[in-house]
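Structural features, examined
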Amino acid sequence: MNRRESIKALVITSVAAGTIASACNTNPKKSEEKKALGTGPDRMSEEKLHEQKIAEEENFFTVDEMASIAILADIIIPKDDVSGSATDANVPEFIEYIVKDMPKHQVPMRGGLRWLDVRCLKKFNKSFKMCDGSQRMLVIDEIAYPKKAKPEVLQGVNFFSLMRNLTATGFYTTEMGYKDIGYMGNVPNQWNGVPDDVLKQYGLSYTEKELKECISFDS
Amino acid sequence: MCALQLKQQAKSYDAVIVGSGAGGGMAAYVLAASGLKVCLLEAGPNYDPAVNSSQMKNAWESPRRGASTKFRPFGDFDGCYWGWEIEGEPYTQGPNSNWEWWRARMVGGRTNHWGRISLRFGPDDFKRKSIDGLGDDWPIGYDDVKPYYDKIDRLIGIFGTNENFYNAPDGIFLPPPKPRLHELFIKRAAVNIGIPVIPSRLSILTKPINKDRGACFYCAQCNRSCKVYADFSSSSVLIKPAIETGNVDLITNAMVREVILDRDGLAKGVSYVNKEDMQEYEVHGRTVILAASACESARLMLNSKSTKYPNGIGNSSGVVGKYLHDSTGADMGGIIPELFDRKRYNEDGVGGLHVYTPWWLDNKKLDFPRGYHIEYGGGFGMPVYGFNWGIEKLNGTFNIKGQQKEYGGYGASLKQDYRHLFGAHVGMAGRGEGIAREDNFCEIDNDVVDKFGIPVLKFHTSWSDYEINQAKHMKETFKEILHSMGAVVTWGGDDGPENNYGLHNPGNIIHEAGTVRMGNNPKTSVLNKYSQSHDVKNLFCVDGGQFVSQADKNITWTILALSMRASEYIISEMKKNNL
């Protein structure tokens, strides 16, 4: 198989999979199943059942919890001049899914949100969501810097670290996140080595042996 | 459900093969090509990378963004069904044992997702006892296996370079890809301190080798299996053409229970449970070839008890299940500050490392008897679940755009940190040889069965000082290399004697071998040098079980070579009417 044929084969298999999925999409039950499975990865039968189960579950987070998650996510990843915010990239919806898929996150998230509300209640007599922006930031600044934080707020620090990590991983695994971070892979190509200007920047070069032995392509 | 009954297949085969991974796939390929009729049994469902691979999917196409599940421990896009645990199929541990057992259930087995690191054993690797007095020598040497390595290089395709290293033998190679940026950093740093770094040897096609398989298009996703068959999976490269001969009946979802005997004490075939209708079946053949993986093949033999073979078929020696060993493994990673804010470009490359380090030292001068090789990683990987996790332990370490940051944080400043650090990470993994010991073993647990009623394995494994000292040496080496390239160690740097220097649990590296070992003496080995049972001449084992020792190499290329060799022997013995 030459390169052109193999890329063609690749495109055809992806398209065919999509066509089959939509052709099967005739009754409502199938349609729900398709929604649960999305355009997602290959699934063996046990995985299909697992996805279906998650899709049928009630929301884990309450409306108030989701509101707090959205506020926190946008504090962690706000819109800037490079990309949008966490909520622009639907990070709260991702977090709602992932706690169902990974129940180990459920108690730390629920308890952490509650910890945050109680902290705000004690300070400002309001829940986190009901606080104004500057009040919220006073509490966030207590828990956002693990090395500086006071011992009495370490539970809050741990919660905020989890929230930061879920937000970042949820954001950078979207199309918006790929563009922001500058990930340029996942496209068929011919690897021809490190670009010349980059080699020069770091004072590196390929040896004659490498140039002779390694595969190279006309650019 | 209909009443339980035993069903016999009317058709009898020349060979009944259990398992469709590297060993079983190669046996099916060679036997079918010679015109023999083969029944290939696989415990999992069908799998064809062209149809099933999740190649080229982006993270957001998985609702969990590629995170792992118990169904796919290496992530949602990975090309392996199941792994460390399978629902309804437990295994148990003896006191203080912590064996980790990976089981794939699918056509092609774990070759659909493996690292494609395809290393030949060297001349020394077959004769370790003669060198250091530990374990045993193989009944064969490099010269016996070399012709098969050569054939496999040509048949399957592998890239690499001829380097004239005595114990990392050269092969018939396609051109390798050029090193990536971090690999050039590693090479410069390691070579400066006397550690060789050479092109890796992976079974990936940098050029097309036939009309059925495409060439690599550099997506770095070999672990998802390849839709154009540009890398080696047993499913695409061996089983597909084997079936196309018309000589192979593939039975999927067939969980084999035991090897059954005829009146002369020879293997008559196997019995299995069909996971779809849950009925019990038998299939008969002139030969039975086990390739279910080292531990599953041992389990099958131990569970095949009869008056004639009370300890399990082919186990008059009592050796089945013993000498279980896995590669050793320890890892470390760091950040190269010089690579902060790198220019962005696509550096996916092939799936895996473009360079590696073969074992380069003399064990006579060290406090551990066997070597290890080093695998390298790093660069601009695809963001998937876990990406950018743990920044709160990282960003305060570095000066970022002229600013000493506080650990953690949020907002625009945090987004800048993520961008700054992307692509500056480098990691290294030592993969070494442990000693095959009689007291590292698996046996049948007399108390526990799986959901099919098949008695399960109980493991008894531990590391000795040989492996622990080797892990210590790995860690020291990694620190030196990282230091030499100006990197800051960010993980794996704090391990010490309290945790065996970060040595992974046995089994964790997924190179298990040794449970059905070959040898010249029927009292101390299960198979002869043609992978044939000493006790039952029409019973063979062609997976990792037959290994006498592991070598500091990944074992797949040798499984393929030995399976091809055993299959040619079977053909020749059948022609002579010896089978």
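Rules and cut-offs
- Residues numbered from 1 in each chain as written.
- Chains lettered and ligands numbered in written order.
- Predicted model: local features only at pLDDT ≥ 70, side-chain atom pairs only at ≥ 80, totals over all residues.
- Heavy atoms only, no water.
- Helix = DSSP H or I, 4+ residues; strand = E, 2+ residues; numbered from the N terminus.
- Buried < 20%, exposed > 50% of the residue type's maximum accessible area, 1.4 Å probe, protein only.
- Areas by Shrake-Rupley, 256 points an atom, 1.4 Å probe, with all protein chains shown as cover.
- Rg over C-alpha atoms; globule rule 2.2 N^0.38 Å.
- Contact = heavy atoms within 4.5 Å.
- Lys, Arg positive; Asp, Glu negative; His and termini not counted.
- Charge placed at Lys NZ, Arg CZ, Asp CG, Glu CD.
- Buried area = accessible area lost by both parts, 1.4 Å probe.
- Salt bridge = Lys/Arg side-chain N within 4 Å of Asp/Glu carboxyl O.
- Polar contact = N/O pair within 3.5 Å; in protein donor to acceptor, adjacent residues only side chain to side chain.
- Nonpolar A, V, L, I, M, F, W, Y, C, P; charged D, E, K, R; others polar.
- pLDDT = per-residue confidence, 0-100.
- Phe/Tyr/Trp six-rings, centres within 6.5 Å; stacked < 30°, edge-to-face > 60°.
- Lys NZ or Arg CZ within 6 Å of the ring centre and 35° of its normal.
- Core = buried A, V, L, I, M, F, W, Y, C linked by side-chain atoms within 4.5 Å.
- Pairing = 2+ DSSP bridges.
- Axes fitted to C-alpha atoms, helices over the stretch in contact; angles between N-to-C directions.
- Parallel < 35°, antiparallel > 145°, perpendicular 65-115°, else oblique.
- Left-handed = near helix turned anticlockwise from the far one by under 90°.
- Expected span 1.5 Å × (residues − 1).

Here the focus is the overall build of chain A. A count of helices and strands for chain A gives 11 helices and 0 strands. Secondary structure elements in chain A, listed N-terminal to C-terminal, are α-α-α-α-α-α-α-α-α-α-α. By the burial criterion, 46% of the 219 residues in chain A qualify as buried. Of the accessible surface of chain A, which amounts to about 11800 Å², a share of 55% is contributed by carbon and sulfur atoms.

Right, let's get into the overall build of chain B. Counting secondary structure elements, chain B contains 10 helices and 18 strands. In terms of C-alpha radius of gyration, chain B reaches 24 Å, essentially the compact-globule figure of 25 Å for 579 residues. Along the longest, intermediate and shortest principal axes, the C-alpha atoms of chain B span 80 × 55 × 50 Å. Taken across its 579 residues, chain B has 67% of its residues classed as buried. Relative to all contacts within chain B whose residues are 6 or more apart in sequence, the contacts with residues 24 or more apart total 73%. Averaged over its 65 positive side-chain charges, chain B has a centre that lies 4 Å from the centre of its 66 negative ones.

Contacts between the two partners involve 88 residues from chain A and, on the opposite side, 87 residues from chain B. Across the chain A/chain B interface, buried area totals approximately 7500 Å², and carbon plus sulfur atoms make up 60% of it. Inspection of the region where chain A meets chain B yields 11 salt bridges. Here Asp-80 of chain A makes a salt bridge to Arg-419 of chain B, at a shortest N to O gap of 2.8 Å. The interface formed by chain A and chain B includes 46 residue pairs in polar contact (both at pLDDT 80 or more). Counting residues per element, the side of chain A that touches chain B draws most heavily on helix α8 (residues 154–172) of chain A, which supplies 11 residues. In terms of residue class, the side of chain A that touches chain B is built from 45 nonpolar, 24 polar and 19 charged.

Moving on: the confidence of the model for chain A. With 82% of its residues at a pLDDT of 70 or more, chain A has an overall mean of 88. With pLDDT under 50 throughout, residues 12–34 of chain A is counted as low confidence; its partners more than four residues away or in other chains account for 8 contacts.

Further remarks concern the pattern of salt bridges. Residues and elements named next belong to chain A. Inspection of every chain in the model, using the stated rule, returns 56 salt bridges over all chains. A salt bridge links Arg-119 to Glu-142, with the shortest nitrogen-to-oxygen separation between them at 2.9 Å. With Arg-119 in helix α6 (residues 106–124) and Glu-142 in helix α7 (residues 133–143), the pair connects residues that are 23 residues apart, well separated along the chain. Overall, Arg-119 belongs to the partly exposed group, its relative accessible area being 21%.

Here we come to the packing of aromatic side chains. Scanning the entire structure with this criterion turns up 37 aromatic pairs over all chains. Both rings, one in Phe-217 of chain A and one in Tyr-218 of chain B, keep their centres 5.9 Å apart while their planes meet at 75°; by these two values the pair is edge-to-face. Taken together, the residues span two chains, with Phe-217 of chain A in the segment after α11 (208–213) and Tyr-218 of chain B in the loop between β4 (198–199) and α6 (234–244). Of the two residues, Phe-217 of chain A and Tyr-218 of chain B, neither departs from the other in class, the shared state being buried. Each residue in the set Phe-171 and Tyr-172 of chain A together with Tyr-345, Phe-380, Phe-387, Tyr-418 and Phe-422 of chain B is aromatic and connected to the rest through ring pairs, giving one cluster. When the ring centre of Phe-128 of chain A is taken as origin, the NZ or CZ atom of Arg-136 of chain A, which lies over that ring, is 5.7 Å away.

Let us now look at the nonpolar core. Counting 119 residues, the largest nonpolar core has Leu-72, Ile-95, Met-109, Met-163 and Val-194 of chain A together with Leu-181 and Met-485 of chain B as its most contacted members. Top contributing element to this core by residue count: α8 of chain A, with 9 residues. Core analysis: the next-biggest nonpolar cluster, separate from the first, contains 104 residues, Val-16, Val-248, Ala-513 and Leu-527 of chain B among them.

Here the focus is the sheet that holds strand β10 (residues 355–357) of chain B. Strand pairs in the sheet, formed through backbone hydrogen bonds, run parallel or antiparallel to each other. All names here are of chain B. Ordered in space as β4-β10-β11-β14-β9-β17, the 6 strands form an open sheet in which the pairing is antiparallel. Each end of this open sheet is capped by a strand with a single partner; those strands are β4 and β17 (488–491). Relative to strand β14 (residues 425–432), strand β9 (residues 328–335) runs antiparallel, the two sharing 8 bridges. Paired with Asp-331 across the bridge in β14 is Ala-429. In this fold helix α5 (residues 181–192) packs onto β10, β11 (372–378) and β14, with an angle of close to 140° to the strand it touches most, β11. Helix α9 (residues 465–484) rests against β9, β11, β14 and β17 of the sheet, and its axis sits at about 20° to β9.

Our next topic: the packing of helix α1 (residues 22–33) of chain B against α6 of chain B. Residue and element names in this part refer to chain B. Here α1 crosses α6 at 30°, and the two axes come no closer than 8 Å. Classified by the angle between their axes, α1 and α6 sit roughly parallel to one another. The chirality of how α1 crosses α6 is left-handed. Here α1 contributes Ala-22, Gly-25, Met-26, Ala-28, Tyr-29 and Ala-32 to the contact with α6, which in turn contributes Ser-234, Val-237, Leu-238, Ile-239, Pro-241 and Ala-242. In the contact of α1 with α6, the residues fall into 10 nonpolar, 2 polar and no charged.

Here the focus is the sheet that holds strand β15 (residues 441–449) of chain B. Residue and element names in this part refer to chain B. One open sheet accounts for 3 strands, arranged β3-β16-β15; its pairing is mixed. Looking at strand neighbours, the two that pair on one side only are β3 (92–93) and β15, the edges of this open sheet. Pairing analysis gives 5 bridges linking β15 to strand β16 (residues 455–460), with the strands arranged antiparallel. Looking across to β16, one finds that Val-449 is bridged to Pro-455.

Another point: unusual backbone geometry. All names here are of chain A. With a phi angle near 60°, Asn-125 is a residue other than glycine that sits in the positive phi range. Here Asn-125 lies in the loop between α6 and α7. Judged by relative accessible area, which is 64%, Asn-125 ranks as exposed.

All names here are of chain B. With respect to the element layout, Lys-576 can be found in the segment after α10 (556–575). Assessed through its relative accessible area of 53%, Lys-576 is described here as exposed. Between the C-alpha atoms of Lys-576 and Asp-144, which are 432 residues apart in sequence, the distance is 21 Å.

Any two packed helices are characterised by the angle at which their axes cross and by the distance between the axes. Residue and element names in this part refer to chain A. In the contact formed by α6 and α7, the axes pass within 11 Å of each other and the chain directions differ by 125°. Taken together, the axis directions place α6 and α7 in an arrangement best described as oblique. For α6 against α7, the interelement crossing comes out right-handed. Residues Trp-115, Leu-116, Arg-119, Cys-120, Lys-123 and Phe-124 of α6 lie in contact with α7, whose contacting residues are Gln-135, Leu-138, Val-139, Glu-142 and Ile-143.

Here the focus is the side chain of Asn-186 of chain A. Within the secondary structure, Asn-186 of chain A is located in the loop between α9 (175–181) and α10 (196–201). There is a polar contact of 3.2 Å between the side chain of Asn-186 of chain A and the backbone oxygen of Met-56 of chain B. Ignoring anything within four residues of it in the chain, the contact list for Asn-186 of chain A reads Met-56, Lys-57, Asn-58, Gln-221, Asp-348 and Met-382 of chain B.

A word on the side chain of Asp-348 of chain B. Considering the arrangement of structural elements, one finds Asp-348 of chain B in the loop between β9 and β10. Buried charge without a partner: Asp-348 of chain B forms no salt bridge, and the closest opposite charge is Arg-180 of chain B, 7.1 Å away. For Asp-348 of chain B, the contacting residues outside a window of four places in its chain are Tyr-183, Gly-185 and Asn-186 of chain A together with Arg-180, Tyr-218, Cys-219, Ala-220 and Phe-380 of chain B.

The next point concerns α9 of chain B. Residue and element names in this part refer to chain B. If you check α9, its first and last C-alpha atoms are 28 Å apart, about what 20 residues at 1.5 Å a residue would give, namely 28 Å. In this structure, the buried side of α9 is in contact with α5, β9, β11, β14 and β17. Following α9 by one or two positions, Gly-486 has its phi on the positive side, about 75°.

We now examine helix α4 (residues 63–76) of chain A. In this model α4 of chain A runs 20 Å from its N-terminal to its C-terminal C-alpha over 14 residues, within 8% of the 20 Å that 1.5 Å per residue would give. Listed as buried for α4 of chain A are Glu-65, Ser-68, Ile-69, Ile-71, Leu-72, Ala-73, Ile-75 and Ile-76 of chain A. Those residues of α4 of chain A that are buried lie in contact with α5 (91–101), α6, α7 and α8 of chain A together with α8 (411–421) of chain B.

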